[in-house]
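So the chains spell out like this:
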Amino acid sequence: MGAATARRLAAEGAHVVVPDRDSGTGEAVARELGGSFVLADVTSEDEVRTAVELAVANGPLRVCIHCAGVGWAERTVSRSGAPHSLETFRKIVEINLIGTFNVLRLTAAGIARADPGDDGERGVIVNTASVAAYDGQVGQAAYSASKGGVVSMTLPIARELARYGIRVMAIAPGPADTPMLAQLPDTIREALEAQIPFPQRLARPEEFAALVGHIVENPYLNGEVIRLDGGLRMPPR
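All values reported here derive from a predicted model rather than from experimental measurement.

## As for the overall build of the protein
At step 1: Secondary structure summary: the protein contains 9 helices and 6 strands in total.
At step 2: Here the C-alpha atoms of the protein give a radius of gyration of 18 Å, agreeing with the 18 Å that 2.2 N^0.38 yields for 237 residues.
At step 3: Out of the 237 residues belonging to the protein, those deemed buried represent 43%.
At step 4: Accessible surface for the protein amounts to roughly 12300 Å². Of this, 53% is attributable to carbon and sulfur atoms.

Take a look at the structure:
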């Protein structure tokens, strides 16, 4: 979804800075788009700061789209009676929630340095939540908690950053045709698709990118989380 969004923004004339832990994929996308690549882990203050400073130097910095995240499934108490790993829970929250906030806070400071437009807007930050924040399934305690945090901080941060003319939004995708779900067996992918009312298929990365494009272009969208799920409401299992 991040690559599709980068392509859409570049097509609109943006200089795209691609921070990624995967140098191969990140460099390839940046090279394709004539952008810049930074090797960065979203949980690292120094590495994210480097990416932000590069974006400011090529700027002004106006838009941040955060798509980094990891999935996990583990029961709070397993069938054998073992408790959920605290280390794993902490790691998922660290990447999905703390990593998101780390990127947001540093990017917001960078955007705040830009001159405002005629309407006072300086820029917009779009984070990626998940339908699991609302419809968490069995085994998704860590993942749902991390994405629920992304949902919950959207409005208060939008209120805080309003004084700088910075909007904050989030998208909560349902199952999408991404590398994460590509690892699942076809039978599980087909079962997921069968639960989606319409269109009865996985979301396409380009549809996520299209929604990002509209959020960037529509200055009255702020402090809200938009579900992108084809009407899906996840069952317990």
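After that view of the structure, there is still more to cover.
## Notes on the sheet that holds strand β6 (residues 225–228)
At step 1: Across the sheet, 4 strands lie side by side as β3-β4-β5-β6; this open sheet has parallel pairing. Two strands lie at the open edges of the sheet, namely β3 (63–66) and β6, each paired on one side alone. Each strand axis lies, on average, 15° off the axis of its neighbour in the sheet, ignoring direction.
At step 2: Note: strand β5 (residues 166–173) against β6, 4 bridges, orientation parallel. Considered in β6, the bridge of Ile 171 is made with Ile 226.
At step 3: Helix α6 (residues 141–161) rests against β4 (123–128), β5 and β6 of the sheet, and its axis sits at about 160° to β5.

## So, the pairing of β5
At step 1: Within β5, 8 of the 8 residues are buried, leaving the element largely enclosed by the surrounding structure.
At step 2: The alternating pattern of β5 places Ile 166, Val 168, Ala 170 and Ala 172 on one face and Arg 167, Met 169, Ile 171 and Pro 173 on the opposite face, and all of these are buried.
At step 3: Pairing geometry for β4 and β5, over 6 bridges, is parallel. Looking across to β5, one finds that Val 124 is bridged to Arg 167.

## A few points about the environment of Gly 26
At step 1: Tracing the backbone through its elements, the reader meets Gly 26 in helix α2 (residues 23–33).
At step 2: A C-alpha to C-alpha distance of 34 Å links Gly 26 and Asp 118, two positions 92 residues apart in sequence.
At step 3: Discounting residues that sit within four places of it in the chain, Gly 26 has contacts with Val 18, Asp 20 and Phe 37.

## Some words on the nonpolar core
At step 1: Counting residues in hydrophobic clusters, the biggest one holds 22 residues, and the most contacted among them are Ile 125, Ile 157, Leu 161 and Val 168.
At step 2: Residue assignment for this core shows that the elements contributing at least two residues are α3 (45–57), α4 (86–111), α6 and β5.
At step 3: Considering each element in turn, this core owes the most residues, 5 residues, to α4.
At step 4: In contact with Leu 161, not counting residues within four places along its chain, are Ala 108, Ile 125, Ile 166 and Val 168.

## Some points on the pattern of salt bridges
At step 1: Following the criterion strictly, the structure yields 12 salt bridges and no others.
At step 2: Of the charged contacts in the structure, one is a salt bridge between Arg 49 and Glu 45, with a shortest N-O distance of 2.6 Å. In this pair, Arg 49 and Glu 45 are both assigned in helix α3, 4 residues apart and thus about one turn of the helix distant.
At step 3: Accessibility expressed as a relative area gives 37% for Arg 49, which makes it partly exposed.
At step 4: A relative accessible area of 36% places Glu 45 in the partly exposed class.
At step 5: Residues joined by salt bridges that share partners form a network here, namely Asp 135, Arg 227, Asp 229 and Arg 233.

## A short note on the packing of α3 against α4
At step 1: Interaxial distance between α3 and α4 falls to 10 Å at its minimum, and their mutual angle equals 30°. The element α3 and its partner α4 pack so that their crossing is right-handed. Across from Glu 45, Val 48, Arg 49, Val 52 and Val 56 in α3, the residues of α4 making contact are Asn 102, Val 103, Arg 105, Leu 106, Thr 107 and Gly 110.

## Quick notes on the pairing of β3
At step 1: With burial as the criterion, only one face of β3 is covered, namely that bearing Cys 64 and His 66; the residues Val 63 and Ile 65 on the opposite face remain uncovered.
At step 2: Sheet topology note: the β3/β4 ladder contains 4 bridges and is parallel. If you follow Cys 64 over to β4, its bridge partner there is Ile 125.
At step 3: The β-α-β motif built from β3, the intervening α4 and the parallel element β4 has right-handed crossover chirality.

So, how was this worked out
Residues numbered from 1 in each chain as written. Predicted model: local features only at pLDDT ≥ 70, side-chain atom pairs only at ≥ 80, totals over all residues. Heavy atoms only, no water. Helix = DSSP H or I, 4+ residues; strand = E, 2+ residues; numbered from the N terminus. Rg over C-alpha atoms; globule rule 2.2 N^0.38 Å. Buried < 20%, exposed > 50% of the residue type's maximum accessible area, 1.4 Å probe, protein only. Areas by Shrake-Rupley, 256 points an atom, 1.4 Å probe, with all protein chains shown as cover. Pairing = 2+ DSSP bridges. Axes fitted to C-alpha atoms, helices over the stretch in contact; angles between N-to-C directions. Contact = heavy atoms within 4.5 Å. Core = buried A, V, L, I, M, F, W, Y, C linked by side-chain atoms within 4.5 Å. Salt bridge = Lys/Arg side-chain N within 4 Å of Asp/Glu carboxyl O. Left-handed = near helix turned anticlockwise from the far one by under 90°. Right-handed = clockwise from strand over helix to strand, strands pointing away.

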